[in-house]
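# Breakdown of the fold
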Amino acid sequence: MTQTPLVIRGAQVLLPSGEIEPKEVVVADGKIIAVGTDLEVPDQAKAIDGTGLTLLPGVIDPQVHFRDPGLEHKEDLHTASRACARGGVTSFLEMPNTLPLTTTQPVLTDKLAIAASKSLVNYGFFIGATAENLDDLRTANPTCGIKIFMGSAHGPLSVDTAETIEPIFAVGDRLIAVHAENQARIMARREQFAGETDPAAHTKVQDNETALLATKMALSFSKKYQRRLHILHMSTGEEAELLRKDKPSWVTAEVTPQHLLLDISAYEKLGTLAQMNPPLKYERDRELLWQALLDGVIDFIATDHAPHTLEEKGKGYPNAPSGMPGVETSLPLMLTQAQASRCTVAQVANWMSTAVAKAYQIPDKGLIEPGYDADLVLVDLSTYRPVLREELQTKCGWSPFEGWNLTGWPVVTIVVGQIVYDHGQIDTTVRGQALSFGQ
Ligand code: DOR
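Residues numbered from 1 in each chain as written. Predicted model: local features only at pLDDT ≥ 70, side-chain atom pairs only at ≥ 80, totals over all residues. Heavy atoms only, no water.

## Thoughts on the site of the ligand
Near the ligand, the surroundings consist of 13 residues, among which Arg67, Asn97, Asn277, His308 and Ser322 are the closest. Between the ligand and the protein, one listed contact pairs an oxygen atom with a side-chain N or O atom of arginine 67 at 2.8 Å. Here an oxygen atom of the ligand sits 2.7 Å away from a polar atom, N or O, in the main chain of asparagine 277. When the ligand is considered free in solution it has 290 Å² of accessible area, and contact with the protein chains removes 93% of it. When its residues are assigned to classes, the shell around the ligand shows 3 nonpolar, 8 polar and 2 charged. (Near = heavy atom within 4 Å. Polar contact = N/O pair within 3.5 Å; in protein donor to acceptor, adjacent residues only side chain to side chain. Areas by Shrake-Rupley, 256 points an atom, 1.4 Å probe, with all protein chains shown as cover. Nonpolar A, V, L, I, M, F, W, Y, C, P; charged D, E, K, R; others polar.)

## What to know about the sheet that holds strand S5 (residues 31-36)
Sheet architecture is open: 4 strands sit in the order S5-S4-S1-S6, paired in mixed fashion. Every interior strand has two partners, whereas the edge strands, S5 and strand S6 (46-49), have only one. Ignoring strand direction, the axes of neighbouring strands in this sheet form an average angle of 20°. Where strand S1 (residues 6-9) meets strand S4 (residues 24-28), 3 bridges bridge the pair, whose relative direction is antiparallel. The residue of S4 that forms the bridge with leucine 6 is valine 27. (Pairing = 2+ DSSP bridges. Helix = DSSP H or I, 4+ residues; strand = E, 2+ residues; numbered from the N terminus. Axes fitted to C-alpha atoms, helices over the stretch in contact; angles between N-to-C directions.)

## What to know about the packing of helix H8 (residues 237-245) against helix H11 (residues 283-294)
Two numbers describe how H8 lies on H11: the axes approach to 8 Å, and their chain directions differ by 30°. Classified by the angle their axes make, H8 and H11 are roughly parallel. Judged by the twist between their axes, the crossing of H8 over H11 is left-handed. Across from Gly237, Glu238, Ala240, Glu241 and Arg244 in H8, the residues of H11 making contact are Arg284, Asp285, Leu288, Leu289, Gln291 and Ala292. Among the residues forming the contact of H8 with H11, the class breakdown is 4 nonpolar, 2 polar and 5 charged. (Parallel < 35°, antiparallel > 145°, perpendicular 65-115°, else oblique. Left-handed = near helix turned anticlockwise from the far one by under 90°. Contact = heavy atoms within 4.5 Å.)

## Quick look at the sheet that holds strand S3 (residues 20-22)
Spatially, the 7 strands line up as an open sheet ordered S3-S2-S7-S16-S19-S20-S21, and their pairing is mixed. Two strands close off the open sheet at either side, each with one partner strand: S3 and strand S21 (425-426). Note: strand S19 (residues 409-415) against strand S20 (residues 418-422), 4 bridges, orientation antiparallel. Bridge pairing links valine 412 to aspartate 422 in S20.

## Some words on helix H2 (residues 105-118)
The end-to-end C-alpha separation of H2 is 20 Å, in line with the 20 Å expected for 14 residues at 1.5 Å each. Where H2 is concerned, the buried positions are Val107, Leu108, Lys111, Leu112, Ile114 and Ala115. The arc that holds every buried residue of H2, seen down its axis, measures 160°, which confines them to one face. Looking at the buried positions of H2, the neighbouring elements they touch are helix H1 (77-87), strand S9 (89-94) and strand S10 (122-128). (Expected span 1.5 Å × (residues − 1). Buried < 20%, exposed > 50% of the residue type's maximum accessible area, 1.4 Å probe, protein only. Arc of directions from axis to C-beta.)

## Re the state of the cysteines
Inspection of the entire model under this criterion finds 0 disulfides. Cysteine 84 takes part in no disulfide bond, and the closest cysteine sulfur, belonging to cysteine 396, lies 13 Å away. Summary of cysteine pairing: cysteine 144 is not part of a disulfide, and the nearest cysteine sulfur, belonging to cysteine 84, is at 14 Å. (Disulfide = S-S within 2.5 Å.)

## Details of the nonpolar core
Residues Phe92, Ile148, Phe169, Val178 and Leu260 are the most contacted members of the largest nonpolar core, which totals 94 residues. Counting 19 residues, the second largest nonpolar core, distinct from the first, contains Ile8, Ile368, Leu378 and Val412. (Core = buried A, V, L, I, M, F, W, Y, C linked by side-chain atoms within 4.5 Å.)

## What about unusual backbone geometry?
In the segment running from aspartate 68 into proline 69, the intervening peptide bond is cis, with an omega of 15°. Tracing the backbone shows proline 69 in the loop between strand S8 (59-64) and H1. Cis geometry marks the peptide bond from asparagine 277 to proline 278, where omega comes out at -10°. Checked against the element boundaries, proline 278 lands in the loop between helix H10 (266-270) and H11. Although it is not a glycine, aspartate 29 sits at a positive phi angle of roughly 50°. When you line up the elements, aspartate 29 lands in the loop between S4 and S5. One non-glycine residue, aspartate 304, adopts positive backbone phi at about 55°. Note on aspartate 304: relative accessible area 5%, which makes it buried.

## Examining the pattern of salt bridges
With the rule as written, the count across this model stands at 23 salt bridges. A salt bridge links lysine 395 to aspartate 76; its shortest N-O distance comes to 2.7 Å. With lysine 395 in the loop between strand S17 (385-386) and strand S18 (405-406) and aspartate 76 in the loop between S8 and H1, the pair connects residues that are 319 residues apart, well separated along the chain. For lysine 395, a relative accessible area of 35% gives the class partly exposed. (Salt bridge = Lys/Arg side-chain N within 4 Å of Asp/Glu carboxyl O.)

## Here's the deal with the environment of isoleucine 60
Mapped onto the fold, isoleucine 60 is located in strand S8. Residues isoleucine 60 and threonine 90, spaced 30 residues apart in sequence, show a C-alpha to C-alpha distance of 6.1 Å. With residues near it in sequence (within four places) discarded, isoleucine 60 still touches Ser91, Met352, Ser353, Val356, Ala357, Ile362 and Lys365.

## Things to note about the packing of aromatic side chains
Taken as a whole and assessed by the stated rule, the structure comprises 7 aromatic pairs. Judged by centre distance (6.3 Å) and plane angle (75°), the rings of phenylalanine 92 and phenylalanine 125 are edge-to-face. Here phenylalanine 92 is found in strand S9, whereas its partner phenylalanine 125 is found in strand S10, with 33 residues between them in sequence. The exposure class assigned to phenylalanine 125 is buried, which follows from its relative accessible area of 1%. Among the aromatic residues, those joined into a ring-pair cluster are Phe66, Phe92, Tyr123 and Phe125. It is arginine 385 that lies over the ring of tryptophan 409; its NZ or CZ is 5.8 Å from the centre. (Phe/Tyr/Trp six-rings, centres within 6.5 Å; stacked < 30°, edge-to-face > 60°. Lys NZ or Arg CZ within 6 Å of the ring centre and 35° of its normal.)

Here it is in structure tokens:
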């Protein structure tokens, strides 16, 4: 790959030590080649002025639903990756509930080809578990891991009984990521709350116990087989407390910005736009999730970007689909929390990049250090600007955070040495690369 080298000058740079210091960063052929002061810069290098800005490793979002192929009326890999570029997300790990379902090698291979042709940022894909594809789960490549929908899914991706879940843990050794909600409890409680049209009922149907039961089951199988387990989008204080007491070294967990920042009070203003799986919970849960994140019980952050059209959301509860977009607001949301002293900028970068690269064993990502890939984002931590619907790049065209006044908006986003977003302009000719996982 021959690229114009880059030199980023004047920025405050987050170093691997967690210190933020004024440094220059030089990039050539997609790699960071030097971090320091008074550096030798290659001829022809393009200078990027980072004055007043902070340079962070690009966000790796480890749970998104980008709808391509099969559901492109909601989103596709082009629009989704535009949203990533604007949000400082330089890599994503995408879920298998596209159509056809990503449950076999040929479908995974097709999805990689679609991403190679359309995605402005780097990409990796999960292979979805069914009750019948144990061989594919073991052999499909490249994949970041196996996704099991223990609850909240329809059709073959719903793998919701101990009898069907256990064999997946028993065979093979690659990472298993679980959507932990207990489907039997969901079905029973749907009956109990039948006829409810207030979206707030969603949190009662898929309640805290629904999540806790499934997380306990996944944890017990993970322990039985010493199998690498990742708990996706944890939503309850009970799960956080469970992991605080009992978290084997091979288990990781994530939380979404919306489970940290929104709770059942959001239904009043947002209606079904606040409806997602697992549902938003209570203020107490938000507090316990924050504490678990700060204490390292929860390892990192994902958005679960799950776009649906406003028309689909307009069907009302319980007919509206669950899910909300997130990739272009996640970094500013979390950096705004850092600026409000809830956490530090270095913690945000760890939760949204470094720790994700480590957990999924993505080589050369997640740090600003010579030899690492030049996936970078320059953010502005001094200006506050609201989330505006008209600026959104996601095809669904809405955000649950519209009107929130945020800081830390990306100013420049760089994907393997290519400038994909620059002061509001997106370069749609840039293409990301397929991620690799493990040794
Ligand atoms: O709310 C959700 N929507 N949660 C999921 O896990 C799936 C997602 C979707 O694909 O719409």
